[in-house]
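Observations on chain architecture
Letter by letter, the chains look like this.
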Amino acid sequence: MSSELKALSMAETGHALRHFWALEPSMHFLNHGSFGATPRYVLAAQHHWRERLERQPVRFMVEELPVELGLLRARLAIFVGTTAERLAMVENSTAGVNAVLRSIKWRDGDEIVLADHAYASVRNTVRFLAERHGLQVRLAPIEFPLSGPESMLEAYWSAITPRTRLVIVDHIFSSLAVRSPVAEIVAVCQPLGVQVLVDGAHAPGLLPLALDTLGADWYVGNCHKWLLAPKGSAFVQVSASALTDLHPAVISNFHDRGFPLEFDWQGTRDYSAWLAVAAALDFVEAMGASRYRQVLRDQAAAAAALLSQRWGVALPAPAEMFCGMVTLPLPGDEAPTEENAKRWHDRLWSQHRIEVPVLAFNQKLWLRISAQVYNDLSDVEALARAVHPAAAV
Ligand SMILES: Cc1ncc(COP(=O)(O)O)c(C=O)c1O
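Glancing now at the overall build of the protein. Tallying secondary structure elements over the protein gives 15 helices and 12 strands in all. Taking 2.2 N^0.38 as the reference for a compact globule, 393 residues should give roughly 21 Å; the C-alpha atoms of the protein span a radius of gyration of 21 Å, in line with that estimate. Principal axes of the C-alpha set define a box for the protein whose edges measure 65 × 55 × 35 Å. Here the analysis covers contacts within the protein between residues at least 6 apart in sequence; of these, 70% occur between residues at least 24 apart. For the protein, the accessible area works out to roughly 16500 Å², and carbon and sulfur atoms hold 55% of it. One finds the centroid of the 35 positive side-chain charges in the protein at a distance of 2 Å from the centroid of its 41 negative side-chain charges.

Okay, structure coming up:
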C-alpha cells in the first residue's frame with residue numbers, strides 16, 4: 001500500500017481528509033450523490049493510464065487494453081459479488097440501462113413496471129421504447145413519506161399484471177434517498193417469470209453487494225458515485241440465463257465476441273476511467289469498505305437527526321432505509337415549484353457556499369443531503385442555519 005493510502009487508513013474522517021480531494025476548501029459540499037467526487041489519488045491513476053496509452057497507442061489499445069480490462073473486471077466482480085464473465089463495463093448507469101432495455105426482444109403488448117420516482121433517464125428510455133414497440137408502462141406508486149419497505153413492495157406488486165415482462169427497481173432512489181427491498185422484489189417476480197432489472201446507480205460503495213446471490217436478471221451500478229472512481233465508470237452484471245443476448249447500447253467491432261468482451265470495445269474512446277476503478281477500490285479498501293459504509297450511514301443519520309430537530313421536521317421514512325444520503329422536507333410552506341427549488345439552491349450556494357440539491361415533488365420542497373468522509377457536522381450546521389436562521393440551537 002502506498003504511503004498516501006496508509007495515511008488515509010489511519011486518518012480520522014471529516015475535514016482532515018479534504019486534502020485527498022480537489023474540492024474547493026471554502027465550500028460545504030453536501031452533494032456527493034449527484035456526480036461523486038473523485039480523490040486525487042484516483043485521478044492520478046487515471047492520468048497514469050492515459051500516459052501509458054499515449055506512449056504507444058496501438059500497442060495499448062490492441063494488446064494491453066483487453067488484458068487490463070479483464071483484470072479490472074475480475075477485481076470489481078469480487079467487490080460486487082459476481083464473476084468477471086458476468087460483469088461488463090459501461091460508461092454510466094444510463095448506458096447500462098439502455099444496453100439492457102435495448103437488447104430485450106420486445107413483443108407487442110409487453111408491460112414494463114417501474115416506480116413513479118424512477119430516475120428520469122430510465123423513465124425516458126422506457127417511454128422511448130414503449131412508443132416504438134407498443135409496450136405498456138405501469139408505474140408503481142411509491143408513497144413518500146414512506147411507512148416502510150412493505151409499502152414499496154406492495155406498490156410494485158400492485159402494478160404487476162399477467163402481461164408484465166420486466167420490473168425495473170431502483171436500489172436506492174435518487175430523489176427519495178431510500179433503499180428498496182430488492183431481494184424481496186426479485187423473490188416475488190421470479191416465480192411469475194417476470195424479469196428484473198435493478199438500477200443500482202447509487203449502491204456500489206454505499207451497500208454491500210452480493211449480486212449473484214441477489215439473482216436479478218440484470219444489475220446496473222455506477223463506480224463514479226460512492227466507489228469514488230472517475231466519471232464515466234459503471235458496470236452491468238447479468239444472470240447466467242440472460243447472458244447470451246446482452247449488447248452494449250453502442251454496437252462496435254467486437255459485436256460477435258459475446259458478453260462481456262463485446263462491451264470492452266465501444267469504439268475509440270478514453271478507457272482510463274474504467275481502468276482507474278482499480279485505484280478507487282484501493283482507496284475504499286484502504287479505509288475499509290465496511291467502515292466506509294458505516295461512516296457514511298452514521299454521518300447521514302447524524303445529519304438527519306440534527307436537521308429534523310432544528311427545523312422541526314419529521315424524517316420521511318424509517319431511519320434504516322437511508323444509507324449515505326437523506327431527503328428531508330424544507331421547513332415552511334413555499335410552493336413546490338421548480339423555480340422555487342432553483343431559487344433555494346442558488347441562494348444556498350451564492351450566499352452560504354453550500355452545494356445541496358433542492359427538489360420539488362409530492363407537493364413539497366425537499367433537500368437531499370449526502371454524507372461523505374470529507375464532511376463533518378459543521379457542514380450540516382451551516383445548512384441548518386442557512387435554511388432556518390431563527391431555529392433554536
Ligand atoms: C437511481 C439513478 N439511476 C440512474 C442514474 C443515472 O446515473 P448516470 O448519470 O451515471 O448515468 C442516477 C443518477 O443519479 C440515479 O440516481
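Here the narrative resumes.
This part is about the site of the ligand. Around the ligand there are 13 residues in total, and T94, D199, N222, H224 and K225 lie nearest to it. A distance of 2.6 Å separates a nitrogen atom of the ligand from a polar side-chain atom of D199. Surface burial for the ligand is 90%, taken as the share of its 390 Å² of free accessible area covered by protein chains. In the shell around the ligand, the residues fall into three nonpolar, seven polar and three charged.

Moving on: the sheet that holds strand β3 (residues 111-115). As summarised here, the arrangement of the seven strands in space is β2-β8-β7-β6-β5-β3-β4, forming an open sheet in which the pairing is mixed. The outermost strands of the open sheet, each flanked by one partner alone, are β2 (87-90) and β4 (136-140). Adjacent strand axes in the sheet meet at a mean angle of 20 degrees when their direction is disregarded. Bridge analysis of β3 against β4 gives five bridges, and the strand direction is parallel.

When the terminal C-alpha atoms of helix α14 (residues 338-352) are compared, their 21 Å separation across 15 residues agrees well with the 21 Å that a helix rising 1.5 Å per residue should span. Buried residues of α14: N340, A341, W344 and L348, and no others. Around the axis of α14, the buried residues are gathered within 105 degrees of arc, so they sit on the same side. For α14, exposure combined with an orientation more than 90 degrees from the buried face picks out E338, E339, K342 and S350. On its buried side, α14 packs onto β10 (354-355), β11 (358-361), β12 (364-370) and α15 (377-387). In the segment just after α14, R353 is the residue with positive phi, at about 55 degrees.

Before going further, it helps to spend a moment on the sheet that holds β12. For sheets, the rule is that strands pair by backbone hydrogen bonds, running either parallel or antiparallel. A sheet is described by the order of its strands in space; here three strands give the open sequence β9-β12-β11, paired in antiparallel fashion. The sheet is open, and its two borders are formed by β9 (325-329) and β11, each paired with just one other strand. On average, each strand axis in the sheet is tilted by 30 degrees relative to the strand beside it, whichever way the strands run. Where β11 meets β12, four bridges bridge the pair, whose relative direction is antiparallel. Within β12, the residue paired with L359 across the bridge is W366. Of the strands in this sheet, β9 and β12 touch helix α13 (residues 289-311), which is tilted by about 10 degrees from β9. Contacts from α14 reach β11 and β12, with the element oriented near 165 degrees to β11.

Time to look at the domain arrangement of the protein. With domains assigned, the protein is organised as domain 1 (3-30 + 288-387) and domain 2 (45-283). Using C-alpha coordinates to define each centre, domain 1 is positioned 26 Å away from domain 2. Taken together, the contact between domain 1 and domain 2 spans 28 residues of the former and 25 residues of the latter. Interface area, domain 1 with domain 2, both sides summed: about 2200 Å², of which 69% is carbon and sulfur. The tally of links from domain 1 across to domain 2 stands at zero salt bridges. Linking domain 1 with domain 2 are seven residue pairs in polar contact (both at pLDDT 80 or more), by the criterion used here. Within the residue set of the side of domain 1 that touches domain 2, elements represented by two or more residues are α1 (3-10), α13, β9, β11 and β12. Its residues assigned to classes, the side of domain 1 that touches domain 2 comprises 19 nonpolar, five polar and four charged.

Relative to the helices and strands, S2 is located in the segment before α1. Take S2: its relative accessible area is 30%, and that puts it in the partly exposed class. For the pair S2 and F259, spaced 257 residues apart in the sequence, the C-alpha separation amounts to 35 Å.

A few words now on the packing of aromatic side chains. Summed over the entire model, instances satisfying the criterion amount to 13 aromatic pairs. Their ring planes at 40 degrees and their centres at 6.3 Å tell us that F29 and Y374 sit as a pair that is tilted. Of this pair, F29 sits in strand β1 (residues 28-29) while Y374 is found in the loop between β12 and α15, placing the two residues 345 residues apart along the sequence. Note on F29: relative accessible area 12%, which makes it buried. Between F144 and W366, the ring centres sit 5.1 Å apart and the planes meet at 55 degrees, which makes this aromatic pair tilted.

Attention now goes to helix α7 (residues 149-159). By the burial criterion, the buried members of α7 are S151, M152, A155, Y156 and A159. With its buried residues spanning 140 degrees around the axis, α7 presents them on a single face. Next to the buried residues of α7 lie β3, β4, β5 (164-170) and α8 (182-189).

Where helix α4 (residues 57-80) contacts helix α12 (residues 277-287), the axes come no closer than 10 Å and their chain directions differ by 35 degrees. By crossing handedness, the relation of α4 to α12 is classed as left-handed. For the pair α4 and α12, contact is made by L72, R75, L76 and F79 and by V277, A278, L281, D282, V284 and E285, respectively. Among the residues making up the contact of α4 with α12, the classes are represented as seven nonpolar, no polar and three charged.

Cut-offs and rules
Residues numbered from 1 in each chain as written. Predicted model: local features only at pLDDT ≥ 70, side-chain atom pairs only at ≥ 80, totals over all residues. Heavy atoms only, no water. Helix = DSSP H or I, 4+ residues; strand = E, 2+ residues; numbered from the N terminus. Rg over C-alpha atoms; globule rule 2.2 N^0.38 Å. Contact = heavy atoms within 4.5 Å. Areas by Shrake-Rupley, 256 points an atom, 1.4 Å probe, with all protein chains shown as cover. Lys, Arg positive; Asp, Glu negative; His and termini not counted. Charge placed at Lys NZ, Arg CZ, Asp CG, Glu CD. Near = heavy atom within 4 Å. Polar contact = N/O pair within 3.5 Å; in protein donor to acceptor, adjacent residues only side chain to side chain. Nonpolar A, V, L, I, M, F, W, Y, C, P; charged D, E, K, R; others polar. Pairing = 2+ DSSP bridges. Axes fitted to C-alpha atoms, helices over the stretch in contact; angles between N-to-C directions. Expected span 1.5 Å × (residues − 1). Buried < 20%, exposed > 50% of the residue type's maximum accessible area, 1.4 Å probe, protein only. Arc of directions from axis to C-beta. Domains from an automatic or database assignment. Buried area = accessible area lost by both parts, 1.4 Å probe. Salt bridge = Lys/Arg side-chain N within 4 Å of Asp/Glu carboxyl O. Phe/Tyr/Trp six-rings, centres within 6.5 Å; stacked < 30°, edge-to-face > 60°. Left-handed = near helix turned anticlockwise from the far one by under 90°.

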